[in-house]
Amino acid sequence: MAGRQTGRHRRPPEEQATYREVFAVKEFRALWLAQALSYIGDQLAQVALAVLVYDHTKSTLLTALVYALTYLPPILGGPVLSGLADLFPRRTVMVVCDVLRAGLVAVMALVAMPVGALSGLVFLIVLLGTPFSAARAAVMPDVLEGDKYVAGSAIANVTHQVTQVVGFLAGGAIVAVVGTYETLALDALTFGASAVILIGGLRRREAPRRRERQALGLLRGTRDGARLVFGDPVLRSLVLFAWLCAFYVIPEGLAVPYAATFGGGAVTAGLLLAAMPTGMVVGSVLFSRFVRPANRLHAMGWMSMLACLPLVGAGVHPPLWWVVGLWALSGVGSAYQLVANTAFVAAVPASGRGQAFGLAQSGILAGQGLGILAGGAAAQVLGPETVVALAGLLGLSAAAMLTLGWNQVRGGVIAGTRGNPVAVAPPADAGGDELAAGARRSAPAP
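Residues numbered from 1 in each chain as written. Predicted model: local features only at pLDDT ≥ 70, side-chain atom pairs only at ≥ 80, totals over all residues. Heavy atoms only, no water.

Caption draft 1: Quick look at the overall build of the protein chain. The helix and strand inventory of the protein chain stands at 20 helices and 0 strands. Here the protein chain holds 446 residues, and the buried ones make up 59% of them. Entry remark: accessible area of the protein chain is about 17,100 Å², with carbon and sulfur atoms responsible for 67%. (Helix = DSSP H or I, 4+ residues; strand = E, 2+ residues; numbered from the N terminus. Buried < 20%, exposed > 50% of the residue type's maximum accessible area, 1.4 Å probe, protein only. Areas by Shrake-Rupley, 256 points an atom, 1.4 Å probe, with all protein chains shown as cover.)

Caption draft 2: Highlighting unusual backbone geometry. Within the chain, His-317 stands out as a residue other than glycine whose phi angle is a positive 55°. Tracing the backbone through its elements, the reader meets His-317 in the loop between helix H16 (293-308) and helix H17 (320-333).

Caption draft 3: Quick peek at the packing of aromatic side chains. Considering all chains together, one arrives at 6 aromatic pairs under this definition. With a centroid separation of 5.9 Å and an interplanar angle of 20°, the aromatic rings of Tyr-258 and Phe-262 are classed as stacked. Since its relative accessible area comes to 0%, Tyr-258 is described here as buried. Grouping aromatic residues by their ring pairs yields a cluster made of Phe-23, Phe-28 and Trp-32. (Phe/Tyr/Trp six-rings, centres within 6.5 Å; stacked < 30°, edge-to-face > 60°.)

Caption draft 4: Fine view of the environment of Ser-119. With respect to the helices, strands and loops of the structure, Ser-119 is situated in helix H7 (residues 115-143). Ser-119 sits 70 residues away from Leu-49 along the chain, and the two C-alpha atoms are 9.7 Å apart.

Caption draft 5: Just the nonpolar core, in detail. Counting residues in each nonpolar core, the largest one holds 106 residues, and the members touching the most others are Leu-272, Trp-327 and Phe-344. For this core, the element with the most residues is helix H2 (residues 26-57), which contributes 13 residues. Look past the residues within four positions of Leu-272 in its chain and what remains in contact with it is Ala-255, Tyr-258, Ala-259, Leu-320, Val-323, Val-324 and Trp-327. (Core = buried A, V, L, I, M, F, W, Y, C linked by side-chain atoms within 4.5 Å. Contact = heavy atoms within 4.5 Å.)

Caption draft 6: Representation of the packing of helix H15 (residues 266-290) against H17 in the model. Relative orientation of the contacting elements H15 and H17 amounts to 35°, with a least axis distance of 6 Å. Where H15 crosses over H17, the two elements pack in a sense that is right-handed. Listed contacts from H17 to Thr-268, Leu-271, Leu-272, Ala-275, Met-276, Gly-279, Met-280, Val-282 and Gly-283 of H15 are Leu-320, Trp-321, Val-323, Val-324, Trp-327, Ala-328, Ser-330, Gly-331 and Val-332. Residues belonging to the contact of H15 with H17 are distributed by class as follows: 13 nonpolar, 5 polar and no charged. (Axes fitted to C-alpha atoms, helices over the stretch in contact; angles between N-to-C directions. Left-handed = near helix turned anticlockwise from the far one by under 90°. Nonpolar A, V, L, I, M, F, W, Y, C, P; charged D, E, K, R; others polar.)

Caption draft 7: Region of interest: the environment of Cys-308. In this structure, Cys-308 sits in helix H16. Classification of Cys-308 as buried rests on a relative accessible area of 1%. Taking C-alpha positions, Cys-308 is 8.1 Å from Ala-399, a pair spaced 91 residues apart along the chain. Dropping the residues within four chain positions of it, Cys-308 is found in contact with Leu-244, Tyr-248, Gly-392, Gly-395 and Leu-396.

Caption draft 8: Spatial organisation of helix H9 (residues 180-201). Over its 22 residues, H9 extends 32 Å from the first C-alpha to the last, a length consistent with the 32 Å expected when each residue adds 1.5 Å. Buried residues of H9: Thr-180, Thr-183, Leu-184, Asp-187, Ala-188, Thr-190, Phe-191, Ser-194, Ala-195, Ile-197, Leu-198 and Gly-201, and no others. (Expected span 1.5 Å × (residues − 1).)

Caption draft 9: Representation of the pattern of salt bridges in the model. Summed over the entire model, instances satisfying the criterion amount to 3 salt bridges. Salt-bridge contacts for Arg-90 lead to Asp-142; the nearest nitrogen and oxygen are separated by 3.7 Å. One end of the pair, Arg-90, is in helix H6 (residues 90-110); the other, Asp-142, is in helix H7, with 52 residues separating them in the sequence. Judged by relative accessible area, Arg-90 falls into the buried class, the value being 8%. For Asp-142, a relative accessible area of 34% gives the class partly exposed. Put simply, Arg-101 and Asp-98 hold a salt bridge, and the shortest N to O gap is 3.1 Å. With Arg-101 and Asp-98 both in helix H6 and 3 residues apart, this pair spans about one turn of that helix. Considered together, Arg-101 and Asp-98 belong to a single accessibility category, that of buried residues. (Salt bridge = Lys/Arg side-chain N within 4 Å of Asp/Glu carboxyl O.)

Caption draft 10: Layout of the state of the cysteines. The full count for this structure, using the stated rule, is 0 disulfides. Just so you know, Cys-308 is unpaired, no disulfide at all, and the nearest cysteine sulfur is the one on Cys-245, 9.7 Å from it. (Disulfide = S-S within 2.5 Å.)

Caption draft 11: Focus on a nonpolar patch on the surface. Nonpolar side chains collect at one region of the surface, where Leu-309, Val-312, Val-381, Leu-382, Leu-390 and Leu-393 lie side by side and expose about 540 Å² of accessible area between them. Put simply, the parts of the chain that give the nonpolar patch at least two residues each are helix H19 (353-382) and helix H20 (384-416). Position of Val-381 relative to the elements: it lies in helix H19. Relative accessible area serves as the criterion here: at 71%, Val-381 is assigned to the exposed category. (Patch = residues over 30% accessible without salt bridge, like charges linked within 9 Å, V, L, I, M, F, W, Y side chains within 5 Å.)

Caption draft 12: How the structure looks around the side chain of Ser-194. Tracing the backbone shows Ser-194 in helix H9. In this structure Ser-194 comes out as buried when scored by relative accessible area, which is 0%. Beyond its immediate stretch of four places on either side in the chain, Ser-194 contacts Ala-34, Ser-38, Asp-98 and Phe-132.

This is the structure:
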C-alpha cells in the first residue's frame, strides 16, 4: 500500500524547535547577548596576551604558558567553585563573577606589569569563570524546556564559535592598530556589559540546594560530583569524549609561533586561530539541522576522529592556506561535542547540575591547559608543525578507543531517549555549549 511504513519507519518524525521560538524567550535573549559580548572580548584579550608575551620574550614556551593559564586554574579550584552554582542563586553567581573579572582585567589594561604578575591575574580571571560557566549551564534547562533547550544550546554554541572567529580575526587587526593594553580594556567593558544584561534580563531563582553550614560542604559536593559522573558508564564515556579536546586544542596555543614560521605576525595568527571555530560553526549547523537526533549519537565517534585526523597533515609542512583548511576541517569534526553535551545534560539530575557540569568543564580546561603547555615545551625542540601533527595522531588514537567503548553503550542511550529530544539532539564550555566550548569563555560544555 502506498505510503505505508514498516519497521523502524513506523516511528513518527522527530519534532525540532525552531530558532525563532527560542529567541522569543526573553531570558534566553539576555543569556545569549551577554554570552556574545563576553566571548568577543575574550578573543580580543587572548590575541593581545599572546602577542604581548611573544613580542617581549620571543619565547614559544612562555607564550604557550600564558595561553595555557586560560585553561589551568580549574585543576586547583574549578570543581570546588563550580558548586557555588548549586548553593547560591545562579544569576547572582554569574553577575558577581562578571563584576570581579571586569575589575581584574581593568587592572591588566591600566598597569604595566611583568609576565609573572600578568600570569597571576590571568589565573584568577579564568578561575572565576568556572562558577560562571557552571551557573550558566545549570540555568539554561530552566529557561528553555524540551527541544527548545536543544535549539537554544545549538544557537549558543554557534554564537560561541562565530564570536571566536570574529574576535580572533578582529583581535589581530585591533592589536595591530590600537595596541595590546587598549584591547584588554575592551575585554573589561564586555564583562561589565554582561553583568548589566543579566541583571536586567534574567529572572532571579532560588538556589536549588540549601546551603551547607560545614566548611567542607563544597569539597564533599566535588567528591559527590565525581562519583556521579564516573560511576555511570554512559556519563563516563560522554565526559571522556568531551575531554578529548585536549589534543585538538594544542594548535591554538601554538598559533603565534606557527604564524612566525610563515613570516607572519598578529594578523596571520588571528587567521589561524579563526580556522577551527569557523569549521565548528559549519559542523554545528550541518549537524544540528540536517542530521536526525538519533543518528547524531551513531556519528559521534566518527566525528571525534575527524576532529583529530586533519592535524596529522601538519607533519608534511604544508603552505599557510592548506594549514588553515586542515584546521577548519578539524573544527567541523569537533561538532561531535554538541551530542556529548546534550546527552550529558539529559542524564544529570537538576540538583547536581552545577557540580557535574563543573567537573566536566574543569577536566576540559585542565586537559587543554596541560596539552597546550606540553605542546609549547615540545615545540621549543621539535617546532610547531611537528607538535601539531603529533597531537593529531595521539588524539586520533584516543578517539578510536573511545569510539569502541561508546559503541557498547550507545544502543541503550538511544533506546532510553526515545521521546526525549534533549537527550539526543545537539546544543560547550563551552563551553556547550559549556562542555564543548567549553568550556572556557573563549572554548565545549553543557
